[in-house]
Amino acid sequence: MAAGAAGASKTYSFKVVLLGEGCVGKTSLVLRYCENKFNDKHLTTLQASFLTKKLNIGGKRVNLAIWDTAGQERFHALGPIYYRDSNGAILVYDITDEDSFQKVKNWVKELRKMLGNEISLCIVGNKIDLDKDRHVSVQETEAYAESVGAKHYHTSAKQNKGIEELFLDLCKRMIESAQADERAKGNGSSQSATARRGVQIIDDEPQAQSSGGCCTSG
Amino acid sequence: MSLKSERRGIHVDQSDLLCKKGCGFYGNLAWQGFCSKCWREEYQKGRQKQIQEDRELAERLQREEEEAYASSQGAQGTQPSLTFSKFEEKKTNEKTRKVTTVKKFFSSSSRTVPKKENQEAKAPSPSINRQVSIETDRVSKEFIEFLKSYQKAGHDVFKQCKICLEAMQQKREASIEEQSEYVQDFYQNTAEKLQLRWKMPSEKVEDVMDQIEKFIMTRSYKHVFCPETTDDEKKDLAVQRRIRALHWVTFQMLCVPVNEDIPEVSDMVVKAITDIIEMDSKRVPRDKLACITRCSKHIFNAIKITKNEPASADDFLPTLIYIVLKANPPRLQSNIQYITRFCNPSRLMTGEDGYYFTNLCCAMAFIEKLDAQSLNLSQEEFDRYMSGQASPKKQNAENWPPDACLGVKQMYKNLDLLSQLNERQERIVHEARKLEKDLIDWTDGVTKEVQDIVEKYPLDIKPKSQPLAAIDSENVENDKLPPPLQPQVYAG
Ligand SMILES: Nc1nc2c(ncn2[C@@H]2O[C@H](COP(=O)(O)OP(=O)(O)OP(=O)(O)O)[C@@H](O)[C@H]2O)c(=O)[nH]1
Ligand SMILES: [Mg+2]
Ligand SMILES: [Zn+2]
C-alpha cells in the first residue's frame, strides 16, 4: 500500500495507528516524537490526533502519518474504521498499570483477526522513568510480543527514551513488507492495481463481517 | 448551550431539501428540486429533443472548428481526430476559440457512443444543462491550462482522461461498484505512469492527480452521486430521521470538551456546523473532503480554546459527533459513499483529509448504533428521551451565569412556564378523558343492572275479570261485604 514506485526517487507513505487505553501516554509519545515536546502548555500544536513526520532511511523517503484513535470504551466498535489500511500499529501500555497491558492483548487479537499479518505491530511499554512502580513483568511482555509476531519496546515520553528507535524500527519493517509486496506484485502479473486502496474494496476484507463500518457498501 | 445553537437557525428547513413532488426522498438543486427519480420522469419528454439539439450543435461546432483550422493552417489539411496538441496550437491563436474547442472535444467524444446508449443517458433539462456546462467548461479550460505546463505528459494525461470519460459514459448502466472500480484503477494507473514514465516527483504527481479528479468528477458527478441503483437515498433519509430523533443528546452525555459559553468557542462551533453542511454542495470529492477538514480545524480550535492543549482523538471524535448531530448534514450517507468511491485513494488512506474523513465515518457509525450505554444512560432514560416523553435539556433559568442576557433568561423562564402549563393541560385532558370513561361505564352499569332485575322479576299481567265475576254471582254472602276499594289516582 505504499504509494510510489521503484527507483531512487521513491517515497513511501505509511499509515500508523496508535492504540491503547486512556492515559498510557499515546498523545505524549507522538508529541514527543513529532514536536519533541512533553507536557508543554505553550504548545503551538493545534491538535495531536493526526501528526506527520518525514524520514529518510538509507536513501528511502518515508512519509509517516500517525493516527491517534479514540480510546474510550464506547468507541471501541469503531476500531476497524480507524485501522483499516494501516501499515503499522503502535499498541501502548503503561508499565505501572497491569490492566493497560491486558487491553493491548485484546487489541493484538483483534488486529490479527482483522488484518492478518499485513500489519507491523509494535507493543510499547511507556513510562519507564517510573520503573520503581512497575507492575508489568518485562519477561512476560517480551515473551508475549514474540508469540504474536510483534516487537516490544520500552519508552519514556517524559525522558525522551526509546522513541526514535521505536519509530525508526517500525519504518524499516514497514518498508520491508512494502518491498515484499512489490516483489510479489512484480512476479505475479502486470496487473498492479490490486491490493491497494482498501478504502474501496471492503467486501472481500474480513472486516466486512463486523458490520461496524459505515462505509461498507452492503 | 445546546439550546443556544438551536436558536441560531443553522438548520436548513427539511422541507427545502425534499423532492418537490413530495415523494419523501431528497431533492437536489441540480435536478431542480426533484429527487433523481421524479426528475427523470419530469424530463422524459424534453430529453429526446435535447439530445438531438446537442448533437446538432456539436456537429456544427466541429465543422466550424475544422474549417477555421484548415484556413489557419493552410495546406496542412484537416486531421480527422482531435488531439491535444492541436488544441494547444489553437489556444495561442484566439481566446474565443478556446471555448469552442473544449466543447468540440467533448461533443466529439459523446458522438462515439452508440445511439441507443446515448438515448438512455440522463440528459439534463436545457436550462440546467447550460448552467452545468458553464461550470464544466470552466473546469475543462482550467484543466487544459494546467496541463499545458507539463507538455508531453500533459498531453498524455488529457488523452487518458478523455478515454476514461468515454468509458464512464458506456458504464452508466453498470453498478456503481464497477464504475468506482474503474475510476480507482484509472487513478492508480495514471499516478504510476506519471511517476514511472514521466519521472514526475511525487508532489507534482499529487498535484496532477488532484486536477484529474476534479476534471473527471465534475463531469461524472450527476451520474454517480447518489445513484438510483443503490439505496443511498433511502439511507440518507434514515440517517436524517435518526439524527432528528436524537435531538435531545447534550454535549455532557458525549463528554464533549468544548465550552460554548465562551463566545469564541461557540463561534467555532457555528463555523464547524456550517462547514459540514456545505459539504453537500460540492461536486468534486476533494472539495467535499476540504469541507470536512475545515470543519475539523474549527473543532480543534474550539477544543484548544477550551482546554488549552492540543486535541487528541478522544477529544476530537466526540466533538465531531456532537457537531454532526447539531448540523444534521444533508445526504450524509451519499456524500460519504461518493467520497469513498471516487476520491483519489492516496488522499483517503494516509493524508490528513483522510484522517478527518475516517472520523466522520466513525461519527456516522456511532450515531447509527448509538444506544443507552454509549451515552452512559439507563435504558429507561434513553427510551423516554427517544420517545419524547421526557427531555434532559430542561435548564433551570436560575442556574444561568449572571452575565447571560436578561431577555434570554426571561425567555427560558417563559419556556419553563409554558412547559409547566403544557403539563397541567395534559393532566386536565387526561382527567377529562377519565371522567368521560367513568360516565360511560356508569351508564352501562345502570342499564345492565336494570336488565338483570327485569329478567329476575318478570312482570306477569293476569286476566282480571273472570274470578271477580264468579265471586259476585255465586256467593250471596258476599253481598254483606263493603264495596271494593277504588284505586286512588293521583295526578302526575
Ligand atoms: N512519568 C511519565 N509520565 C508520562 C509519560 N508519558 C505520558 N505521561 C503522562 O501520562 C498522562 C497521560 O498522557 P497522555 O499522553 O495524555 O495519554 P493518552 O494515552 O494520550 O491518553 P488518552 O488521550 O486519554 O487516551 C499525562 O499526564 C502524561 O504527562 C512518561 O513517559 N512518563
Ligand atoms: Mg491522548
Ligand atoms: Zn421525488
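Residues numbered from 1 in each chain as written. Chains lettered and ligands numbered in written order. Predicted model: local features only at pLDDT ≥ 70, side-chain atom pairs only at ≥ 80, totals over all residues. Heavy atoms only, no water.

Named according to an unreviewed UniProt entry, chain B is Rab5 GDP/GTP exchange factor originating from Geotrypetes seraphini.

The name an unreviewed UniProt entry gives chain A is Ras-related protein Rab-21, with Geotrypetes seraphini as the organism. Annotation of chain A in UniProt includes, under Sequence similarities (unreviewed entry), the sentence "Belongs to the small GTPase superfamily. Rab family." (UniProt positions renumbered as here; feature names shortened; annotations may be inferred.)

J.: Run through the overall build of chain A, naming residues and quoting values.
T.: Looking only at helices and strands, chain A has 5 helices and 6 strands in total. Listed N to C, the secondary structure of chain A is β-α-β-β-α-β-α-β-α-β-α in terms of helices and strands. A total of 218 residues make up chain A; the buried ones form 52% of that total. In chain A, of all internal contacts separated by at least 6 residues, the share reaching a separation of at least 24 is 70%. Just so you have it, chain A exposes about 9,600 Å², and 49% of that area is on carbon and sulfur atoms. (Helix = DSSP H or I, 4+ residues; strand = E, 2+ residues; numbered from the N terminus. Buried < 20%, exposed > 50% of the residue type's maximum accessible area, 1.4 Å probe, protein only. Contact = heavy atoms within 4.5 Å. Areas by Shrake-Rupley, 256 points an atom, 1.4 Å probe, with all protein chains shown as cover.)

J.: Hey, could you go over the overall build of chain B for me, with residue numbers and the actual values?
T.: Counting its regular elements, chain B contains 22 helices and 0 strands. Looking at chain B as a whole, 45% of its 492 residues are labelled buried. In chain B, once contacts between residues fewer than 6 apart in sequence are set aside, the share between residues at least 24 apart is 72%. Put simply, chain B shows about 26,800 Å² of open surface, and 53% of that area lies on carbon and sulfur atoms.

J.: Could you give me a rundown of the packing of helix H16 (residues 313-327) of chain B against helix H19 (residues 352-369) of chain B, with the residues and numbers involved?
T.: Residue and element names in this part refer to chain B. Where H16 meets H19, the axes come as close as 9 Å, and the angle between the chain directions of the two elements is 60 degrees. Compared by their axis directions, H16 and H19 come out oblique. Relative to H19, H16 is oriented so that their crossing is right-handed. Taking contact as the criterion, the partners of Ala 313, Phe 316, Leu 317, Leu 320, Ile 321, Val 324 and Leu 325 in H16 are, on H19, Tyr 355, Tyr 356, Asn 359, Leu 360, Cys 362, Ala 363, Phe 366 and Ile 367. Looking at the contact of H16 with H19, its residues break down into 14 nonpolar, 1 polar and no charged. (Axes fitted to C-alpha atoms, helices over the stretch in contact; angles between N-to-C directions. Parallel < 35°, antiparallel > 145°, perpendicular 65-115°, else oblique. Left-handed = near helix turned anticlockwise from the far one by under 90°. Nonpolar A, V, L, I, M, F, W, Y, C, P; charged D, E, K, R; others polar.)

J.: Just give me the short version of the pairing of strand E5 (residues 120-126) of chain A, but keep the residues and values in it.
T.: Residue and element names in this part refer to chain A. For E5, the buried fraction is high: 7 of the 7 residues fall into the buried class. The two faces of E5 match: Ser 120, Cys 122, Val 124 and Asn 126 on one face and Leu 121, Ile 123 and Gly 125 on the other face are all buried. Regarding the hand of the β-α-β motif, the stretch spanning strand E4 (residues 88-94), helix H3 (residues 98-115) and E5 is right-handed. As paired strands, E5 and strand E6 (residues 151-154) are joined by 4 bridges and run parallel to one another. Along E6, the bridge assignment pairs Ile 123 with His 152. A crossover connection joins E5 to the parallel E6 through helix H4 (residues 138-147); in handedness this β-α-β unit is right-handed. (Right-handed = clockwise from strand over helix to strand, strands pointing away. Pairing = 2+ DSSP bridges.)

J.: Talk me through the site of ligand 1; I want residue IDs and the actual numbers.
T.: Around ligand 1, a shell composed of 19 residues is seen, among which Cys 23, Thr 27, Ser 28, Asp 129 and Ala 157 of chain A lie nearest. In this structure, ligand 1 is bordered by residues of chains A and B. Interatomic distance of 3.1 Å between a side-chain N/O atom of Asn 126 of chain A and a nitrogen atom of ligand 1. Considering each element in turn, the shell around ligand 1 owes the most residues, 3 residues, to helix H1 (residues 26-35) of chain A. Residue composition of the shell around ligand 1, by class: 5 nonpolar, 8 polar and 6 charged. (Near = heavy atom within 4 Å. Polar contact = N/O pair within 3.5 Å; in protein donor to acceptor, adjacent residues only side chain to side chain.)

J.: Tell me what's going on with the packing of aromatic side chains, and back it up with residues and numbers.
T.: How two aromatic rings sit relative to each other is given by the distance of their centres and the angle of their planes. Tallied over the full model, the rule gives 25 aromatic pairs over all chains. A ring pair is formed by Phe 146 of chain B and Tyr 150 of chain B, whose centres lie 5.4 Å apart and whose planes are at 45 degrees; its orientation type is tilted. Classification of Tyr 150 of chain B by relative accessible area gives buried; the value is 15%. One cation-aromatic arrangement involves Lys 15 of chain A over Trp 67 of chain A; the distance from NZ or CZ to the ring centre is 3.8 Å. Here Lys 53 of chain A stacks its cationic end above the ring of Tyr 33 of chain A, 4.7 Å away from the centre of that ring. (Phe/Tyr/Trp six-rings, centres within 6.5 Å; stacked < 30°, edge-to-face > 60°. Lys NZ or Arg CZ within 6 Å of the ring centre and 35° of its normal.)

J.: Can you tell me about the state of the cysteines, naming the residues and giving the values?
T.: Applying the stated criterion to the full structure yields 0 disulfides over all chains. Cys 291 of chain B carries a free sulfur, and the closest cysteine sulfur to it, the one in Cys 295 of chain B, is 9.2 Å from it. (Disulfide = S-S within 2.5 Å.)

J.: Lay out the sheet that holds strand E3 (residues 60-68) of chain A with the relevant residues and their values.
T.: Residue and element names in this part refer to chain A. Strand order in this open sheet of 6 strands is E2-E3-E1-E4-E5-E6, and the pairing throughout is mixed. On the outer flanks of this sheet lie strand E2 (50-57) and E6, each paired with one strand and no other. Pairwise comparison of adjacent strand axes, ignoring direction, gives a mean angle of 25 degrees for this sheet. Contacting strand E1 (11-20), E4 and E5, H3 runs over the sheet at an angle of about 160 degrees to E4.

J.: Can you tell me about the side chain of Ser 49 of chain A, naming the residues and giving the values?
T.: Here Ser 49 of chain A is to be found in the loop between H1 and E2. With residues up to four places along the chain from it excluded, the contact list for Ser 49 of chain A reads Ile 66, Trp 67 and Asp 68 of chain A together with Phe 300, Ala 311, Ser 312, Ala 313 and Tyr 355 of chain B.

J.: Account for the packing of helix H15 (residues 285-307) of chain B against H16 of chain B, naming residues and giving values.
T.: Residues and elements named next belong to chain B. At a minimum axis distance of 10 Å, the contact between H15 and H16 shows a crossing angle of 120 degrees. In this view, H15 runs oblique relative to H16, as classed from their interaxial angle. Between H15 and H16 the crossing geometry is right-handed. Contacts between H15 and H16 involve Cys 295, Ser 296, Ile 299, Phe 300, Ile 303 and Lys 307 on the former and, on the latter, Asp 315, Phe 316, Thr 319, Leu 320 and Ile 323. The class makeup of the residues in the contact of H15 with H16 is 7 nonpolar, 2 polar and 2 charged.

J.: An account of the pattern of salt bridges is needed here, citing residue identities and associated values.
T.: All names here are of chain B. Counting across every chain of the model gives 24 salt bridges over all chains. Put simply, Asp 210 and Arg 286 hold a salt bridge, and the shortest N to O gap is 3.4 Å. With Asp 210 in helix H11 (residues 202-224) and Arg 286 in helix H15, this residue pair connects regions lying 76 residues apart in the sequence. The salt bridge involving Asp 353 is made with Arg 347; its shortest N-O contact spans 3.2 Å. Per residue, the accessibility class of Asp 353 equals that of Arg 347, and both read buried. Residues joined by salt bridges that share partners form a network here, namely Asp 210, Arg 286, Arg 347 and Asp 353. (Salt bridge = Lys/Arg side-chain N within 4 Å of Asp/Glu carboxyl O.)

J.: Describe the confidence of the model for chain A, listing the residues and the values that go with them.
T.: Residues and elements named next belong to chain A. Overall, the predicted model of chain A reaches an average pLDDT of 82, with 79% of residues at or above 70. Between residues 1-8, whose pLDDT stays under 50, and residues either more than four places distant or in other chains, the model counts 23 contacts. Between residues 189-218, whose pLDDT stays under 50, and residues either more than four places distant or in other chains, the model counts 68 contacts. (pLDDT = per-residue confidence, 0-100.)

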